[in-house]
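Report on the structure
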Amino acid sequence: MIRFENVTKVLGGNAVLDNISFEVGEGETFVIVGLSGAGKSVTLKHMIRLMQADAGNIVIEGEIINDLGRKALRELRAKFGVLFQGAALLQWMTVHENIALPLRELTHTPEDEILRLVDEKLELLGLADAGAKYPSDISGGMQKRAGLARAIIMSPKIILYDEPTSGLDPVTSRRIDDLIVNMRKKLGITSVVVTHDLHSALSIGSRIMMLHHGKIVENATPEGFIRSKDATVQSFLESQYITRKGKWEEFSHE
Amino acid sequence: MRSAQRTGGQVLQLLHDTGHALFMLVEATLFIRNVFGKRSRGEVITQLFITGIKSLAVITVVALFTGMILALQTGLELRRYGQEVYIGSAVAVSVIREMGPFMTGLIIAASVGSAIAAQLGTMAVSEEIAALEVMSINPNRFLVMPRLVALAVMMPILTVYTNILGILGGAIVGETQLGVSVQAYMDNATEFATNKDLYVGLLKAFIFGIIITTVSCHQGLMTTEGAVGVGQATRRSVILSFLIILIVGYMITRLFYI
Ligand SMILES: Nc1ncnc2c1ncn2[C@@H]1O[C@H](COP(=O)(O)OP(=O)(O)OP(=O)(O)O)[C@@H](O)[C@H]1O
Ligand SMILES: [Mg+2]
C-alpha cells in the first residue's frame, strides 16, 4: 500500500531521513515512534507529497509518487485523510464549518446531507456541543478531535495521524485508540499513526517502527518490538515503564 | 569569489521568488471566473468589507491633513504674489494625480497588506496551508483570489475617497487661513484638473491593489519558522509593497505624462 524505497531527505544540512525503506500493508495500523525530531512528521509528509524525497522512491498503491502531475497528485491526495500534529483547523471558521470544508469545496453534496454527515462525525468524536465554536475557543484535545473529524469526512482509504493522542486525557486517548482500531476493523482503512504514547502504540499497532537519527532502528510487531534487542528501543521502552518481558514493572522514583 | 557566489545565489533566489509570486498572481487571476460562484462569493464579500472598513479612519485623517498641508504650504508661497486662489488647482492636481493613489496605497499596504501577510503566514506555520493542499483546496483560489478581487476593487474606490477628502482639506485651509472662498477654490480646481489625471490616478490605484495583494499573499504563504517567520513576513510585505509602489508609480507617471 505504502512503500518507501531507500528514501533520503536532507533538511537544513541534516539527513532527516537517511536511506530508509519500509512497507505498510493494506489494512495495517502502522505505528511510527521515535524521539522528538526523529523525522516522524517528515515521513508522513512524504506520503502525501507535502515534501519530496531527495533520493529514493515512495510508492503508493503501486505508483511512484515522486513526479506526479497536478491531476495525479490530486487523485493521490484524495486517498488520504490527514490529522496534522497541530490539528491545522482554519481559525476563522467554526468547528462545524471546518469539518464540512472538504465536502463543500470538493463535492456537490447537498447542504442537508453535509449537515447530517458533519453532525454524525461530531457525535462520533464526542464534539456534539462544540460544532458552533471556533477552534481558538476549544481545548487542544478537542481541536485534535475536530481535525480528525475533518480527516475522515471524505471517507479516505488511508489515514495519517500525527500524534492523535498527545495532549489528550487518558480516557479520551483510549477513545481515539478505539476509533483508530474500529476504522480498520469496520472499514478496512489503512492507518499510519505517529505517536509518543507506547501504550497506545502497543495496543493499536499491527507493526511498530522506531526512527532514530533518520534511521529505522526497529520495525516489528508489537510483541517483537517489546523484545527488541536494540539499545535505543530498550531505553525508549524503559522510559515508559515497559520492559522486555512485556509486563508493567514497578519503577520506583527514589 | 565567495561573495560573488553568494550574490549570484541571492539573485537566483530573487528571480525564483518573483516567478513564484507571478505564478500565484496568474493562477489567482484565472480563478476570478469563479468570483460569483457559491464557494467564493462569501469570502470575496468578507474581504471587500475588511479592506474597505479597516483603513477608513486612517485614510480619512491622512487625506484631510495632507490636503491641508499642501494648501497651506503652497498657499503661503502663492500669497507673496497674490495668487492664493491657485491653491485650488495645486491641491487638486497633485492629489488626484499622485498623492491620492500613493497615500491610499501606502496606508492599505501597511494596514490590510500586513494583516494579509500575518494571517497567511500564521496559517503557513500552523500547517493550515498544508492541510488545504492535502484536501486539494487550492490556496490561490481559496485565499489569494478573494483578496486580490477585494484590493483591486477597493483601492480605486478608496482613492476616490482620499481625493475628495484631500481636496476638502485644502478647501478648509483656503477658507479659514488664506481667505480663498470655497467657490473660488473649486472653480480653480476644476479648471485645471483633467479627467486624464483622474483616470491615470485610478489606474495606479488598481495596479497598486494588485501589487499589495501579490506581495503580501506571497510573503505570507512562503512563511517558515514559526512566530519569528510571521513577523518577518509581515515586515517584508510592507517594505516590499512600499518599494514596488514607489517604482511602479513613477513608471506609470512617466508613461502617461512624457
Ligand atoms: N521544513 C523544514 N525545514 C527544515 N528543517 C525541518 C523542516 N521540517 C522538519 N525539519 C527538521 O527535521 C527534523 C525532523 O522533524 P520532524 O518534524 O519530522 O520531527 P518529529 O519526529 O515529528 O518530532 P516531534 O515528535 O517533535 O513532532 C527536525 O530536526 C526538524 O528541525
Ligand atoms: Mg512531529
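Predicted model, so just to flag it, every value in this text is computed and none were measured. The residue numbering used here restarts from 1 in each chain and proceeds along that chain's sequence as written. Lettering for chains starts from A, numbering for ligands starts from 1, and both go in the order in which the items are written. Side-chain atom pairs in this predicted model are given and counted only at pLDDT of 80 or more, local residue features only at pLDDT of at least 70, and totals for whole chains, interfaces and linings cover all residues. The side-chain values count all of the structure's non-hydrogen atoms but skip hydrogen atoms and water molecules.

1. Notes on the overall build of chain B
Short version of the rule: Numbering of helices and strands runs from the N terminus, with a helix taken as a DSSP run of H or I at least four residues long and a strand as a DSSP run of E at least two residues long. Think of it in three bands: residues with accessible area under 20% of the maximum for their type are buried, residues over 50% are exposed, and the middle band is partly exposed, with areas taken using a 1.4 Å probe on protein chains only. Should any heavy atoms of two residues lie within 4.5 Å, those residues are considered in contact. Accessible surface is estimated by sampling points in the Shrake-Rupley manner with a 1.4 Å probe; for residues, cover comes only from the protein chains shown.
Each helix and strand in chain B was counted, giving nine helices and zero strands. Counting from the amino terminus, chain B carries its helices and strands in the arrangement α-α-α-α-α-α-α-α-α. Referenced to the eigenvectors of the C-alpha coordinate spread, the extents of chain B come out at roughly 70 × 55 × 35 Å. Put simply, chain B has 258 residues, and 47% of those count as buried. Once local pairs closer than 6 in sequence are excluded, the contacts in chain B between residues at least 24 apart make up 87%. Carbon together with sulfur atoms contributes 70% to the accessible area of chain B, which is approximately 12600 Å² in total.

2. Overview of the interface of chain A and chain B
The test is simple: As used here, buried area is the combined drop in accessible area, with a 1.4 Å probe, of two parts when they are placed together. By convention in these notes, a salt bridge is any Lys or Arg side-chain nitrogen within 4 Å of a carboxyl oxygen on Asp or Glu. Pairs of N or O atoms within 3.5 Å make up the polar contacts considered here, provided that, within protein, one atom can donate a hydrogen while the other can accept it, and that residues adjacent in sequence are counted only when both atoms are side-chain atoms. Lys, Arg, Asp and Glu make up the charged group, whereas Ala, Val, Leu, Ile, Met, Phe, Trp, Tyr, Cys and Pro make up the nonpolar group; the residues left over, Gly among them, are polar.
Contacts between chain A and chain B engage 24 residues on the former and 21 residues on the latter. For the pairing of chain A and chain B, the buried interface totals around 1900 Å² over both sides, and the portion due to carbon and sulfur atoms is 58%. Together, Arg-77, Trp-92 and Glu-105 of chain A form the three largest contributors to the area buried by chain A at its contact with chain B, with a combined 32%. Where chain A packs against chain B, one counts three salt bridges. Between Glu-127 of chain B and Lys-45 of chain A there is a salt bridge, with the nearest N and O atoms lying 2.8 Å from each other. Scanning the region where chain A abuts chain B turns up four residue pairs in polar contact (both at pLDDT 80 or more). Contributing elements (two or more residues each) for the side of chain A that touches chain B: α2 (70-78) and α3 (95-106) of chain A. The leading source of residues in the side of chain A that touches chain B is α3 of chain A, at five residues. When the residues that make up the side of chain A that touches chain B are grouped by side-chain class, the tally is 12 nonpolar, five polar and seven charged.

3. Notes on the UniProt feature "domain: ABC transporter" (unreviewed entry) in chain A
Here is the rule: UniProt positions are given in the numbering used here, feature names are shortened, and annotations may be inferred rather than shown by experiment.
As annotated in UniProt, the feature "domain: ABC transporter" (unreviewed entry) corresponds to residues 2-238 of chain A in the numbering used here. Helix and strand shares over residues 2-238 of chain A are 40% and 26% respectively, and the end C-alpha atoms of the span are 30 Å apart.

4. Description of the pairing of strand β6 (residues 80-83) of chain A
Residues and elements named next belong to chain A. To keep things clear, this is the line we draw: A pair of strands is considered paired only if DSSP assigns at least 2 bridges between the two.
Alternating residues of β6 divide into Phe-80 and Val-82 and Gly-81 and Leu-83, and every residue in both groups is buried. Note: β6 against strand β7 (residues 158-162), four bridges, orientation parallel. Paired with Leu-83 across the strands is Tyr-161, a residue of β7.

5. Section: the sheet that holds strand β8 (residues 190-194) of chain A
Residue and element names in this part refer to chain A. As a reminder, the rule being used: Helix axes are fitted only over the stretch in contact, all axes being lines through C-alpha atoms; the angle between N-to-C directions runs from 0 to 180 degrees.
Taken in spatial order, the six strands of this open sheet run β6-β7-β8-β3-β9-β10, and their pairing is mixed. Each edge of the open sheet carries a strand with a single partner, namely β6 and β10 (215-220). Strand-to-strand twist of the sheet, defined as the mean angle between neighbouring strand axes without regard to direction, takes the value 15 degrees. Strand direction decides the pairing type here: strand β3 (residues 29-34) and β8, joined by four bridges, are parallel.

6. Details of the site of ligand 1
All names here are of chain A. Filter applied, for reference: What makes a residue near a molecule or strand is one non-hydrogen atom of that residue sitting within 4 Å of it.
Lining the immediate surroundings of ligand 1 are 14 residues, of which Ser-36, Gly-37, Lys-40, Ser-41 and Gln-85 lie closest. For the shell around ligand 1, the leading source of residues is helix α1 (residues 40-47), giving three residues. Among the residues forming the shell around ligand 1, the class breakdown is six nonpolar, six polar and two charged.

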